[in-house]
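# Notes for the structure review
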Amino acid sequence: GQNIDQPTEMTATEGAIVQINCTYQTSGFNGLFWYQQHAGEAPTFLSYNVLDGLEEKGRFSSFLSRSKGYSYLLLKELQMKDSASYLCAVRDWNYGQNFVFGPGTRLSVLP
Amino acid sequence: GAGVSQSPSNKVTEKGKDVELRCDPISGHTALYWYRQSLGQGLEFLIYFQGNSAPDKSGLPSDRFSAERTGGSVSTLTIQRTQQEDSAVYLCASSLAAGELFFGEGSRLTVL
């Protein structure tokens, strides 16, 4: 089976840095994705990791360690508009090209 | 169109009625996914299509739920004899073979 865990909620201050962790257990790992979802809106793609290491994209970076079943999303220079849910998703060969999503982390950015 | 299109955006129905939700994926995307999201919850996988076939139907909650995809494009999710616990936002997403998911805006279903 598959199991993906994330913290339920996090709070951070505008201008700060926040790290959102994701741990997963899957037998046919084929990539890890991060999505952002604002309240009442559809999820939008943020980043993708399939090899170990750090992928940087502007203020957002994502890290993957396949041996540890661990990823994090790093948000720098937080802005109020970053308040949203952040969803970690794993694609698994054993389920075709299916994506399994974690429960999401609700981030609140305070002034 | 440029993005994934879903209809209706909102549907209010009475318990016991059937509903159909439609998804028009991005042109050329071979994979199509249906997810369900209850208020404040994560995404629950329902079904996945590769072309017109569904390799993974494991997420459908009961036999009241069914889905089809025709012409490798539009998909319809049908819920028969709706129950109050079916109330949720139903999200459709599409992707190229090995790419990320692109989501539609969702269909919000309310069963009274």
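Residues numbered from 1 in each chain as written. Chains lettered and ligands numbered in written order. Predicted model: local features only at pLDDT ≥ 70, side-chain atom pairs only at ≥ 80, totals over all residues. Heavy atoms only, no water.

### Section: the sheet that holds strand β1 (residues 5–7) of chain B
Residues and elements named next belong to chain B. Short version of the rule: The pairing criterion is simple: DSSP has to find at least two bridges between the two strands. Per the convention used, a helix needs a DSSP run of H or I reaching at least four residues, while a strand needs a run of E reaching at least two, with both numbered from the N terminus. Angles shown run from 0 to 180 degrees and are taken between the N-to-C directions of axes, each axis being a line fitted to C-alpha atoms and, for helices, limited to the stretch in contact.
An order of β1-β3-β8-β7 is seen for the four strands of this open sheet, with the pairing classed as antiparallel. The two strands at the open ends of the sheet, each matched to only one other strand, are β1 and β7 (65–69). Recorded for the sheet is a direction-independent mean angle of 15° between the axes of neighbouring strands. When strand β3 (residues 19–24) meets strand β8 (residues 75–79), the two strands line up antiparallel, connected through five bridges. Bridging from a neighbouring strand, Leu21 pairs with Leu77 of β8.

### A word on the packing of aromatic side chains
What describes a pair of aromatic rings is the distance from one ring centre to the other and the angle between the planes of the rings. The cut-off we apply is this: Ring pairs are drawn from Phe, Tyr and Trp, using the six-membered ring of Trp, whenever the two centres fall within 6.5 Å, and their geometry is named by plane angle: stacked under 30 degrees, edge-to-face over 60, tilted for the rest. Relative accessible area decides the class of each residue, using a 1.4 Å probe on protein chains only: under 20% of the type maximum gives buried, over 50% gives exposed, and in between gives partly exposed.
As enumerated under the stated definition, the model contains 17 aromatic pairs over all chains in all. Where Tyr35 of chain A meets Phe101 of chain A, the ring centres are 5.7 Å apart and the plane angle is 55°; that geometry is what we call tilted. Taken together, the residues Tyr35 of chain A in strand β4 (residues 29–37) and Phe101 of chain A in strand β10 (residues 99–101) connect sequence positions 66 residues apart. Like Tyr35 of chain A, the residue Phe101 of chain A is buried in the burial classification. Geometrically, the ring pair formed by Phe99 of chain A and Tyr33 of chain B is edge-to-face, given 5.5 Å between the ring centres and 80° between the ring planes. Placement of Phe99 of chain A in strand β10 and of Tyr33 of chain B in strand β4 (residues 31–37) is noted, with the two residues assigned to different chains. Pair check on accessibility: Phe99 of chain A and Tyr33 of chain B agree, each one buried.

### Digging into the state of the cysteines
Here, the word disulfide means a covalent bond between the sulfur atoms of two cysteines. Residue and element names in this part refer to chain A. Quick reminder of the rule: Working definition: a disulfide is two cysteine sulfur atoms within 2.5 Å of each other.
Applying the stated criterion across every chain yields a total of two disulfides over all chains. Here Cys22 engages in a disulfide with Cys88; their sulfurs sit 2.0 Å apart. Negative torsions about the S-S bond denote left-handed disulfides, and the value of about -65° found for Cys22 with Cys88 makes this one left-handed. Of this pair, Cys22 sits in strand β3 (residues 18–25) while Cys88 is found in strand β9 (residues 84–92), placing the two residues 66 residues apart along the sequence.

### What about the confidence of the model for chain A?
Threshold: Per-residue confidence from the predictor is reported as pLDDT, a score between 0 and 100.
Across chain A, pLDDT averages 93, with 95% of residues at or above 70. Here β10 of chain A stands out as the least confident element of chain A, with mean pLDDT 87; strand β8 (residues 70–75) of chain A is the most confident, with 98.

### Here's the deal with the environment of Phe101 of chain A
Note the threshold: Between two residues, a contact is recorded if the distance between any of their heavy atoms is within 4.5 Å.
Residue class for Phe101 of chain A comes out buried when judged on its relative accessible area of 8%. Separated by 77 residues in the primary sequence, Phe101 of chain A and Tyr24 of chain A have C-alpha atoms spaced 10 Å apart. With residues up to four places along the chain from it excluded, the contact list for Phe101 of chain A reads Ile4, Tyr35, Leu87, Cys88 and Ala89 of chain A together with Tyr35, Leu43, Leu101 and Phe103 of chain B.

### Remarks on the side chain of Thr13 of chain B
Note that Thr13 of chain B resides in strand β2 (residues 10–13). If near-sequence neighbours (up to four positions away) are discounted, Thr13 of chain B is found in contact with Val19, Thr82, Leu109, Thr110, Val111 and Leu112 of chain B.

### A short note on the interface of chain B and chain A
Often, the extent of an interface is quoted as the loss of accessible area on bringing the components together. Just so we agree on the cut-off: A quick way to say it: buried area is the sum, across both parts, of accessible area lost when two parts are put together, with a 1.4 Å probe. We define a salt bridge as a side-chain nitrogen of Lys or Arg found within 4 Å of a carboxyl oxygen belonging to Asp or Glu. Distance and chemistry together define a polar contact, namely a pair of N or O atoms within 3.5 Å, with one atom able to donate a hydrogen and the other to accept it when in protein, and with adjacent residues in sequence counting only for side-chain atoms on both sides. The residue classification treats Ala, Val, Leu, Ile, Met, Phe, Trp, Tyr, Cys and Pro as nonpolar and Asp, Glu, Lys and Arg as charged. All others, Gly included, are polar.
Contacts between the two partners involve 18 residues from chain B, matched on the other side by 16 residues from chain A. Around 1500 Å² of area is buried between chain B and chain A when both sides are counted, 54% of it from carbon and sulfur atoms. Inspection of the region where chain B meets chain A yields zero salt bridges. Applying the counting criterion to the chain B and chain A interface returns four residue pairs in polar contact (both at pLDDT 80 or more). For the side of chain B that touches chain A, the secondary-structure elements that each account for two or more residues are β4 and β5 (43–50) of chain B. Along the lines of polarity and charge, the residues of the side of chain B that touches chain A split into ten nonpolar, five polar and three charged.

### Observations concerning the pattern of salt bridges
When their charged atoms lie close together, side chains carrying opposite charge are able to pair. All names here are of chain A. As enumerated under the stated definition, the model contains five salt bridges over all chains in all. Among the ionic pairs, Asp52 bridges to Arg66, the shortest N-O distance being 3.0 Å. Within this pair, whereas Asp52 is found in the loop between β5 (44–49) and β6 (53–57), its partner Arg66 is found in the loop between β7 (60–65) and β8, the two being separated by 14 residues in sequence. With a shortest N-O distance of 2.8 Å, Asp82 and Arg59 are connected by a salt bridge. Taken together, the residues Asp82 in the loop between β8 and β9 and Arg59 in the loop between β6 and β7 connect sequence positions 23 residues apart. Both residues of the pair, Asp82 and Arg59, belong to the buried class.

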